[in-house]
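Okay, here's what each chain looks like letter by letter:
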There are 2 protein chains.
Amino acid sequence: MTERPATPSSQDNPLVRKLSAFVRLSPNDVEVVAGMFRRRRNFAMGVELIHQGQVGQSAFVLASGWACSYKLLSGGTRQIVDFQVPGDFLGLRSVLFRTSDHNVEAVTTIQASEVTQRDLLAAFTETPRLATAVLWAASRDEAMVVEHLVNLGRRSASERMAHFLLELGARLRLVGMGNSTGFACPLSQYLLADALGLSAVHVNRVLRELREDGLVTFRRGRVEFRNYDALVDFASFDRAYLDHDGPLLS
Amino acid sequence: MTERPATPSSQDNPLVRKLSAFVRLSPNDVEVVAGMFRRRRNFAMGVELIHQGQVGQSAFVLASGWACSYKLLSGGTRQIVDFQVPGDFLGLRSVLFRTSDHNVEAVTTIQASEVTQRDLLAAFTETPRLATAVLWAASRDEAMVVEHLVNLGRRSASERMAHFLLELGARLRLVGMGNSTGFACPLSQYLLADALGLSAVHVNRVLRELREDGLVTFRRGRVEFRNYDALVDFASFDRAYLDHDGPLLS
DNA sequence: TGAGCGCGCTGACGCAGATCAGCATGTTGC
DNA sequence: GCAACATGCTGATCTGCGTCAGCGCGCTCA
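Procedures and definitions
- Residues numbered from 1 in each chain as written.
- Chains lettered and ligands numbered in written order.
- Predicted model: local features only at pLDDT ≥ 70, side-chain atom pairs only at ≥ 80, totals over all residues.
- Heavy atoms only, no water.
- Near = heavy atom within 4 Å.
- Polar contact = N/O pair within 3.5 Å; in protein donor to acceptor, adjacent residues only side chain to side chain.
- Helix = DSSP H or I, 4+ residues; strand = E, 2+ residues; numbered from the N terminus.
- Nonpolar A, V, L, I, M, F, W, Y, C, P; charged D, E, K, R; others polar.
- Axes fitted to C-alpha atoms, helices over the stretch in contact; angles between N-to-C directions.
- Parallel < 35°, antiparallel > 145°, perpendicular 65-115°, else oblique.
- Left-handed = near helix turned anticlockwise from the far one by under 90°.
- Contact = heavy atoms within 4.5 Å.
- Pairing = 2+ DSSP bridges.

A word on the protein's contact with DNA strand D
Here comes step 1: Neighbouring residues of DNA strand D: 16 residues in total, closest A:Gln189, A:Arg208, B:Leu198, B:Ser199 and B:His202.
Here comes step 2: Protein-adjacent atoms of DNA strand D, using a 4 Å cutoff, are sugar or phosphate at a proportion of 65%.
Here comes step 3: Measuring from a sugar or linking oxygen of DNA strand D, one finds a side-chain N or O atom of A:Asn204 at 3.3 Å.
Here comes step 4: For the surface near DNA strand D, the elements supplying multiple residues, two or more each, are helix H7 (189-196) and helix H8 (200-212) of chain A together with helix H8 (200-212) of chain B.
Here comes step 5: A per-element tally of the surface near DNA strand D places H8(A) first, with four residues.
Here comes step 6: For the surface near DNA strand D, the residue count by class is five nonpolar, seven polar and four charged.

This is how it looks when you write it as structure tokens:
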């Protein structure tokens with residue numbers, strides 16, 4: 001079990017690591033990325049970093065803790081689009097669009113580095129490879145949103161939950177925060193409900209079902225995979241999902 | 001009613017127009033984009049342009065006709081992620097990832113220009129602003145997928161349908177293929193069902209309901225908005241959605 | 001001219017998951 | 001030491017949408 005936090009060193013930094021998976025970054029590129037990542041700020045649990053409808057928002061790069069992005073609907077309900085873990089961008093679209101189309105909220109206390117629109121666009125013109133790398137990262141995020149869409153559209157509540165927990169596990173493993181036996185998970189059943197398009201009551205029932213079937217348990221902030229293979233099978237989870245072996249652009 | 005098709009001229013070309021909404025393209029940039037757009041190919045209705053799981057796929061830029069991107073699930077069902085109309089990319093992610101994570105199929109007979117991975121990455125290094133522009137276009141696509149996610153997660157079947165038809169209308173208006181009274185729509189009720197996470201039977205019932213309530217009709221390949229304002233209200237559709245007034249990066 | 005088929009359309013019935021209502025625990029603050 | 005509250009958990013009931021089964025229309029092709 002290697003659950004180590006992100007470090008500010010430029011060699012081993014979750015964002016650099018993620019981008020390097022796609023483009024081979026020059027030392028200069030790495031320096032620019034690391035620069036964006038250096039100036040950390042702390043945010044308390046529950047703080048809103050990005051506001052739907054607001055103009056001229058910055059983006060952030062998450063250094064530690066969990067966040068979630070969501071959209072509010074008239075009627076007070078919300079749909080959580082995705083959770084973000086260290087190394088992920090927060091609110092990238094709110095920089096590229098004039099006004100933000102979603103909210104981002106800190107789920108735990110978090111550390112994040114602000115990236116202003118100026119910084120980002122300047123970095124793109126100075127180090128063009130970076131734009132390609134960020135395009136890749138954004139496409140990876142989109143691939144996850146698409147997978148969530150399939151989840152909501154075509155899977156039953158328990159398959160949905162199973163798939164979601166497997167996906168989170170896979171993402172956390174990539175940043176060294178979990179392994180195939182499980183991971184620490186600060187999400188409440190209410191958050192799960194908002195993400196999976198279910199009621200909190202039903203989330204509870206589904207978790208019980210998965211537990212009683214010996215597939216996964218989720219208790220006291222920890223997800224434990226009891227029978228990983230059976231769970232993968234049950235959720236029809238693609239093991240290759242999020243795997244990208246080696247840089248495409250070198 | 002101005003429903004004109006895309007023309008191959010570089011000044012008035014749906015892709016150039018779309019990208020220009022975000023970055024001010026130099027004449028050289030326009031030339032590169034137009035070059036990607038020149039070599040057209042025809043595809044028959046139902047042809048699969050991109051295959052899930054296949055490696056080294058090209059992308060395409062759609063010049064005329066409609067396409068759809070979808071994911072297949074074990075069990076034979078599918079979830080349509082989005083429909084594409086002229087000016088949209090087909091399978092951009094399948095170029096950025098080594099292996100494609102989705103399918104793209106021609107809904108009507110279509111014209112599309114192939115863009116290979118080499119072409120695209122070369123264009124990015126030669127004309128860096130293009131990478132930023134494409135990042136923006138990809139983010140716009142992601143914003144639509146997010147909206148579809150909200151649709152599936154939190155809206156009832158009839159709100160979902162209403163929102164979907166309004167979104168299609170807005171997109172088509174941007175490329176000059178419809179207006180606020182309606183648009184030509186080649187989608188079958190089966191396609192709608194696969195996109196909206198409903199059964200075809202229920203799609204039919206929902207369309208009847210919307211028709212009887214005097215909101216929209218969808219008959220013989222044509223969507224007619226009967227009461228646009230009421231429909232927008234019913235679907236809680238954001239009128240600013242997909243509006244981006246003027247380039248952000250000049 | 002009629003078989004075959006894709007697509008739109010409808011009624012009867014069943015079920016997954018929402019809603020409502022309530023209890024149990026642990027944590028925070030006075 | 002006990003409110004006040006957030007969160008987990010559970011049973012009873014209701015309902016939106018799926019499933020099944022079937023009809024009608026307009027094609028295309030022999």
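Read on for the rest.
Some thoughts on the packing of helix H5 (residues 128-154) of chain A against helix H6 (residues 157-174) of chain A
Residues and elements named next belong to chain A.
Here comes step 1: Direction vectors running N to C along H5 and H6 enclose 165°, while the axes themselves pass 10 Å from each other. In terms of orientation, H5 and H6 fall into the roughly antiparallel class. Crossing geometry of H5 relative to H6 is assigned as right-handed. Residues Arg140, Met144, Glu147, His148, Asn151 and Leu152 of H5 lie in contact with H6, whose contacting residues are Arg160, His163, Phe164, Glu167, Arg171 and Leu174.
Here comes step 2: Along the lines of polarity and charge, the residues of the contact of H5 with H6 split into four nonpolar, three polar and five charged.

A look at the sheet that holds strand E6 (residues 89-90) of chain A
All names here are of chain A.
Here comes step 1: Pairing within the open sheet is antiparallel, and its four strands lie in the order E1-E8-E3-E6. Only two strands of the sheet have a single partner each, and these edge strands are strand E1 (40-43) and E6.
Here comes step 2: As defined by bridge partners, strand E3 (residues 59-64) adjoins E6 across two bridges and the pair is classed as antiparallel. Counterpart to valine 61 in the pairing with E6 is phenylalanine 89.

Description of the sheet that holds strand E5 (residues 78-84) of chain A
Two orientations exist for strands paired in a sheet by backbone hydrogen bonds: parallel and antiparallel.
Here comes step 1: Within the open sheet, the four strands sit side by side as E2-E7-E4-E5 (chain A). Their pairing is antiparallel. Sheet topology places strand E2 (48-50) and E5 of chain A at the edges, where each strand pairs with a single neighbour. Each neighbouring strand pair of the sheet contributes to a mean axis angle of 30°, computed without reference to strand direction.
Here comes step 2: Most of the contacts of helix H5 (residues 128-154) of chain B go to E5(A), to which it runs at about 125°, and overall it touches strand E4 (67-72) and E5 of chain A.

Focus on the side chain of A:Gln57
Here comes step 1: Along the chain, A:Gln57 falls in the loop between E2 and E3.
Here comes step 2: Among all residues touching A:Gln57, those that are not within four sequence positions of it are A:Leu49, A:Ile50, A:His51, A:Ser94, A:Val95 and A:Ser100.

Things to note about the protein's contact with DNA strand C
Here comes step 1: Taken together, 16 residues lie near DNA strand C, and A:Ala157, A:Ser199, A:Arg205, B:Gln189 and B:Arg208 sit nearest.
Here comes step 2: Counting only the atoms of DNA strand C within 4 Å of the protein, the fraction contributed by sugar and phosphate is 69%.
Here comes step 3: Within the contact set of DNA strand C, a phosphate oxygen lies 2.8 Å away from a side-chain nitrogen or oxygen of B:Gln189.
Here comes step 4: Mapped by element, the contributors of at least two residues to the surface near DNA strand C are H8 of chain A together with helix H7 (189-196) and H8 of chain B.
Here comes step 5: Per element, the largest residue contribution to the surface near DNA strand C is four residues, and it comes from H8(B).
Here comes step 6: For the surface near DNA strand C, the per-class residue count stands at five nonpolar, seven polar and four charged.

Without other data, these values stay purely geometric and don't point to any function.
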